[in-house]
Amino acid sequence: MTFAPPRTSVLALGTFAVGTSGYVVAGLLPALTGELGVSETAAAQLVTAFAIAYAVGSPLFAAVTGRWERRTLLVAALVVTAIGNALAALAPGYVTLLLARIVTAIGAAVFTPAASAVAAELTTPERRGRAVALVFGGLTVATILGVPLGSVLSQSVGYQAVFALVAAFALLGAFAVRLVLPPVPAPPPVRLAERFTVAKDPRVLAMLGATVLGCLAAFSVYTFISPVLSATAGVHGTTVSLLLFVYGAGGALGNVLGGRAADRWGAKGPLLVVFGGITVVLALLPLVATTVAGAAVVLFLWGLATWSVNPPIQHRLIELSRQNAGLVLSLNASAIYLGVGLSGLVGGAVLSGGGPLLLPEIAAALTALGAVVVVAGWRSRVRRPALAE
């Protein structure tokens, strides 16, 4: 099939909505702690609740909805995402907000892997990396616009209005998908147990492990970026929001470059370069981000490197198991949010025990371990030949 940017673009709009749903808490952290009267660590557990529900729900709901026509599935997932954000906007307290985040995660858990698989199906093999990168770019735009704008708006109108706005974007995405995307048949039915057999290929398992480590490293710092930048550069409020824009701009460029690099050189080289780059940037963050200008440079480079990771990982997963592309991408989506969920726990523990300046150093060690896992994955042998193309 020919590459169709408008179709892929509406999928990116959907991932923007679900990405903002997942990541916006990082920008809302000061508003949440002030309005709810909870600690930064407790507020960060709203990220953890979303992420764990996503990680668990992605393969489960992929099995339940496996026979649904894909366009119908994508629209329904965005509607559920909108409902979850609307409930968050109306939540009277912390516990109900936590439950609303879980509802939101269910919609996101269905949408993201299905959107990536549809994008891969709607393009030719030589452009698959760029197609997946474009869809995943919606998550990048969520960091460029969604999170910083949420941070700015929350300072004047409160976090509830931000969740309401995200709900509106999710509904807009549902309408656009229904209008632009053609009907896409469901893939062959696969039992839930079979969805996990693809991970028995050690090469697939290594990529999923690298995804978990990369996301754990990134979000253990990103979720707590306000206290980190306060400790390094002494900045707060609007300045932090502007620096989040800079991080997102780097992420947008990184996402595009990651997809193009995977198409041109394959996944291994780009992944090793990117994991190495993230390790260096995070290790130097406390030393360089002592001024607004230094923080801007570091956050741009960090966003550039961090958001270059997922396109080659997804490219590699599809390459390893083309017939089960939807399955491995669903597992990768779970791995992403498992890492995000663990980041709230690990980051909160480090913040409480060692302070904000220790967060980037722990994250750097995790990304270095991610590079080791990538190398180990390439050296592994296939245990189940049926999975290989």
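Criteria and thresholds
- Residues numbered from 1 in each chain as written.
- Predicted model: local features only at pLDDT ≥ 70, side-chain atom pairs only at ≥ 80, totals over all residues.
- Heavy atoms only, no water.
- Helix = DSSP H or I, 4+ residues; strand = E, 2+ residues; numbered from the N terminus.
- Buried < 20%, exposed > 50% of the residue type's maximum accessible area, 1.4 Å probe, protein only.
- Contact = heavy atoms within 4.5 Å.
- Areas by Shrake-Rupley, 256 points an atom, 1.4 Å probe, with all protein chains shown as cover.
- Phe/Tyr/Trp six-rings, centres within 6.5 Å; stacked < 30°, edge-to-face > 60°.
- pLDDT = per-residue confidence, 0-100.
- 1 Å grid on protein atoms, 1.4 Å probe; cavity = no way out; pocket = protein on both sides within 12 Å on 5 of 7 lines; lining within 4 Å.
- Points joined across faces, edges and corners; volume = space filled by probe spheres on them.
- Nonpolar A, V, L, I, M, F, W, Y, C, P; charged D, E, K, R; others polar.
- Domains from an automatic or database assignment.
- Patch = residues over 30% accessible without salt bridge, like charges linked within 9 Å, V, L, I, M, F, W, Y side chains within 5 Å.
- Salt bridge = Lys/Arg side-chain N within 4 Å of Asp/Glu carboxyl O.
- Axes fitted to C-alpha atoms, helices over the stretch in contact; angles between N-to-C directions.
- Parallel < 35°, antiparallel > 145°, perpendicular 65-115°, else oblique.
- Left-handed = near helix turned anticlockwise from the far one by under 90°.
- Core = buried A, V, L, I, M, F, W, Y, C linked by side-chain atoms within 4.5 Å.

(A) Fine view of the overall build of the chain. Counting its secondary structure elements, the chain contains 15 helices and zero strands. Within the span of the chain, comprising 389 residues, buried residues form 58% of the whole. Across the chain, every contact between residues at least 6 apart in sequence was considered, and the portion connecting residues at least 24 apart equals 87%. Of the roughly 14400 Å² of accessible surface on the chain, 70% is carried by carbon and sulfur atoms.

(B) Here's a closer look at the packing of aromatic side chains. Scanning the entire structure with this criterion turns up eight aromatic pairs. When the centroid spacing of 6.1 Å and the interplanar angle of 70° are considered together, the rings of Y23 and W307 count as edge-to-face. Pair noted here: Y23 is in helix α1 (residues 5-36) and W307 is in the loop between α12 (292-306) and α13 (310-320), with a separation of 284 residues, a long-range link. Taken individually, Y23 and W307 each receive the classification buried, so the pair is uniform in this respect. Measuring from centroid to centroid gives 6.4 Å for F50 and Y54, while their planes differ by 35°, and the two rings are tilted. One end of the pair, F50, and the other, Y54, are both in helix α2 (residues 40-64), four residues apart, so they sit about a helical turn from each other.

(C) Just the confidence of the model for the chain, in detail. Across the chain, pLDDT averages 84, with 90% of residues at or above 70. Ranking the helices and strands of the chain by mean pLDDT puts helix α3 (residues 70-90) first, with 95, and helix α7 (residues 192-197) last, with 64. Low pLDDT, under 50, characterises residues 384-389; the predicted model gives this stretch 15 contacts beyond four residues in sequence or across chains.

(D) Up close: empty space enclosed by the protein. Tallied over the entire structure, the rule returns two cavities of 30 Å³ or more. Listed by contribution, the elements that provide at least two residues to the lining of the largest cavity are α5 (128-157), α8 (202-222), α11 (268-288) and α13. It is α8 that contributes the most residues to the lining of the largest cavity, six residues altogether. The residue inventory of the lining of the largest cavity, partitioned by class, reads 13 nonpolar, five polar and no charged. Of the residues that make up the lining of the largest cavity, three or more belong to each of domain 1 (1-189) and domain 2 (190-381).

(E) A nonpolar patch on the surface, seen in detail. Together, V141, L145, L149, L153, V157, L165, F169 and L172 make up an exposed nonpolar region whose accessible area comes to about 600 Å². Secondary-structure elements contributing two or more residues to the nonpolar patch are α5 and α6 (159-180). At five residues, α5 tops the list of elements feeding residues into the nonpolar patch. Along the polypeptide, L172 turns up in helix α6. A relative accessible area of 43% places L172 in the partly exposed class.

(F) Spatial organisation of the packing of α8 against α13. Where α8 meets α13, the closest approach of the two axes is 10 Å, and the angle between their N-to-C directions is 165°. What the angle tells us is that α8 and α13 run roughly antiparallel. Along this stretch, α8 crosses α13, giving a crossing that reads as left-handed. Here α8 contributes R203, V204, M207, L208, A210 and T211 to the contact with α13, which in turn contributes I313, R316, L317 and L320. Looking at the contact of α8 with α13 residue by residue, the class counts come to seven nonpolar, one polar and two charged.

(G) Representation of the nonpolar core. In terms of nonpolar packing, the biggest core is built from 111 residues, with L32, L74, L97 and W302 touching the most fellow members. Dropping the residues within four chain positions of it, L74 is found in contact with L11, F111, A114, A115, V118, V177 and L181.

(H) Structural detail: helix α9 (residues 225-232). Of all eight residues in α9, six are buried; the element is thus mostly enclosed. Turning to α9, its buried residues are I225, S226, P227, V228, L229 and T232.

(I) The arrangement of the environment of V328 in detail. Turning to its location among the elements, V328 is positioned in helix α14 (residues 325-354). Look at V328 and you get buried, because its relative accessible area is 0%. For the pair V328 and L208, spaced 120 residues apart in sequence, the C-alpha to C-alpha distance is 8.9 Å.

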